[in-house]
Each structure stands twice: as C-alpha cells, then as structure tokens.
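Chain and residue survey
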Amino acid sequence: MNKLALFFILALFKTGNLLSQQHIARQGQVTFFSYTSVENIEAKNNQVLSILDVEKKEMAVSMLMRAFVFKKDLMREHFNESYIESDLYPKATFEGHFNNLEGSLNQTSLMKGKITIHGITKNIDIKTTIKKTGESYAISGEFNLTVKDFNIKIPPILSSNIAKVVLVKFKFQYLGYESN
Amino acid sequence: MIKNYSLLLKSLFFIVLSYFIYKSVHSYIFKSVKDSNAIFFVSSKDLANQFNNNEEKSNSKYNNKIITVHGKVKKTSLLNNRKTIILNGTTKTSIICDLDDHELANLNKFKKNQTLYIKGICKGSLKDVILLNCFIDTKKQP
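Residues numbered from 1 in each chain as written. Chains lettered and ligands numbered in written order. Predicted model: local features only at pLDDT ≥ 70, side-chain atom pairs only at ≥ 80, totals over all residues.

**A short note on the overall build of chain B**
Of the regular secondary structure elements, chain B holds 3 helices and 6 strands. Mapped from its N terminus to its C terminus, chain B presents α and β elements in the order α-β-α-α-β-β-β-β-β. Against the globule reference of 14 Å for 142 residues, chain B gives a C-alpha radius of gyration of 20 Å, more extended than a compact globule. The principal-axis extents of the C-alpha atoms in chain B amount to approximately 75 × 35 × 30 Å. Here chain B holds 142 residues, and 30% of them are scored as buried. Residue pairs in contact within chain B that sit at least 24 positions apart in sequence constitute 64% of those at least 6 positions apart. (Helix = DSSP H or I, 4+ residues; strand = E, 2+ residues; numbered from the N terminus. Rg over C-alpha atoms; globule rule 2.2 N^0.38 Å. Buried ≥ 20, exposed ≤ 12 C-beta atoms within 10 Å, placed from the backbone. Contact = placed C-beta atoms within 7 Å.)

**Concerning the overall build of chain A**
When helices and strands are tallied, chain A shows 2 helices and 10 strands. When the helices and strands of chain A are read in sequence order from the N terminus, they spell out α-β-β-β-β-α-β-β-β-β-β-β. By residue count, 25% of the 180 residues in chain A fall in the buried class. Across chain A, the fraction of contacts at a sequence separation of at least 24, relative to all contacts at a separation of at least 6, is 55%.

**Section: the domain arrangement of chain B**
Split into domains, chain B comes out as domain 1 (1–35) and domain 2 (40–140). The straight-line distance from the C-alpha centre of domain 1 of chain B to that of domain 2 of chain B is 37 Å. (Domains from an automatic or database assignment.)

**Considering the interface of chain B and chain A**
On the side of chain A, 13 residues touch chain B, which itself brings 18 residues to the contact. Here the residues of the side of chain B that touches chain A sort into 6 nonpolar, 7 polar and 5 charged. (Nonpolar A, V, L, I, M, F, W, Y, C, P; charged D, E, K, R; others polar.)

**Section: the pairing of strand β3 (residues 84–87) of chain B**
Residue and element names in this part refer to chain B. Where burial is concerned, the two faces of β3 agree: the one with Thr 84 and Ile 86 and the one with Ile 85 and Leu 87 are both buried. Pairing of strand β2 (residues 66–77) with β3, which is carried by 4 bridges, proceeds in the antiparallel orientation. Within β3, the residue paired with Lys 75 across the bridge is Ile 86. From the end of β2 to the start of β3, which pair antiparallel, there are 6 residues, and Asn 80 there has a positive phi angle of about 55°. (Pairing = 2+ DSSP bridges.)

Given below as structure tokens:
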C-alpha cells in the first residue's frame, strides 16, 4: 500500500516536473522589415504564441497573419489579400531545436528549424539570444527570408516597392505554463 | 515672375487640398472602428468556447468583423508598449484585447475580475482569441 502511494506521489512529481519545463509566451512580438529605395515597410505582430520546452530544447511558434499591424491600411490589405492570402493561410508557424540550452546563463544558441508561411515549409537556421531571469526565459533573434521562396507573387508594378529579402525580428518573453 | 508665383500658389492649393482629403478619409476610417456598431455581441466565455469547439466555423463567423466582447478582466499588460487587456474565457482560452492607439484609457484603473465591454476587430485564435483596435465600450458599461 505504501509502495503504491509512493509510486503515485513520484508519478505526480514527475508530471509536475515535466510541466514546469514548458514555458509559454502569449504576447510574443514578431516584426518584419522590407527596405527599398522606393519605400520602407514595417509590420508588427504583438500576439504571437510560442511554447518553449527547456527539457527537449524545443521551441514552437504560431502567429496569425491578419494580426500584423502596418503603418498604412493599403499595405495591410495587399499583404493579407494578395501576397499572404490570409484567408487560405491564416497562420505562420515555426518549430525549432536548439543546439544548446543550458537553462542558466545568458547565451547565444543556434536553432535549426522549419518555418511555414503561405503553405510552404522551409528549413532555416536562426541565431538566438536566450536570457534567463528567475523562472522566466526571454528569447530574441533575427533572420532573413527570401520572398519568392514562399511562392508570394508580387505584381511587376509593385516589385520595386517590396524588398526581395525581408528581415524578420522576434522577441518572446516566456512564463511558466501554469502561472500564465 | 508672376507666372512662377501663380504656379506656386496653385501647388500650395493642391497640397492643402490633398491634406484635407487625407484628413477626412483618415478620420472616416478611424471613426469606422470606434463609432461603428458591433456586428456580434458575445461573452468572453462564449467566444472562447465557440473557437475551441469549431475554429473554422468561428473564423468565418468572426474574423475581421467588429465585435463587442464582455467578460471579467484576467490581467492587463503593457508588454512591448502595447496596452493589452486579457479577458477570462475558458480555463484554456482567454481573449487578448490589444487596445487601439486612440484608446486613451488608463490600464491601472481596471481591476482583476471587473467586468468590461470591449469592442474590437476579431483576428482569429491561436491558444487565445485575438482582438485588435480595441476600445472600451463605455456605453455598455454596467
């Protein structure tokens, strides 16, 4: 009987432990920049979801394309309706694995993963900065994306307004899964 | 000299005219979010449940539409300099309301579990349902 009780306590402890290894960011920030001589376009999404599994050294990200905020309404309209086709592909996702994630120090780590935008998945390597304060993690980084890799068609008349390579920056602040 | 002067006057006139056109169009668009009537009026719990039960159906029902959500404040946040109010939905799903830059309400005055009516544009759901361009719907405050 005692052994059984001990087993349950241990099992409970183990699950609790596993849960505590998962961290969540519900208001992550992703920004992209397109610089050309004609115009600069910047869009921000402040409601990006990310889950970080410290034990498995894994990170998953999901965002709504419609939640990107632009300076001009026309830019947002073109982005959602013509380029990204948000009705057909409402989300962009990323799943990655860290090279190392010690969980104690401020460090940089290379992450290898797969990014899916506009229904197309690409392998990508991202250099990330990881900061740990108390129980919470903050992860940030940036990378470049080539627009035509994702089968995004830009009409010739607008091709000089939109960069061929877009810079993407991200910033996630994680909290323990339970406390959020 | 006189010709140049009239040209200058003409271009000045057009600049002023286009500024006023821009202003009026801008205020029209801005008004359309704040002063438009919500198409749907729903509790935060109900909205969260609908998205949990059938995301696709809820997407086509709510996405890009102005809705008023009422529910209890779970927490407020100023992360990334965005004023955000999170309303309680279900245990798993909350409603994230990102306030419009024109909404000047002070987040400090909202207390946890206080009931609020918030009008905004529904953008869909991840783990939580996301509303942007939100305004506190003062007319509907209890």
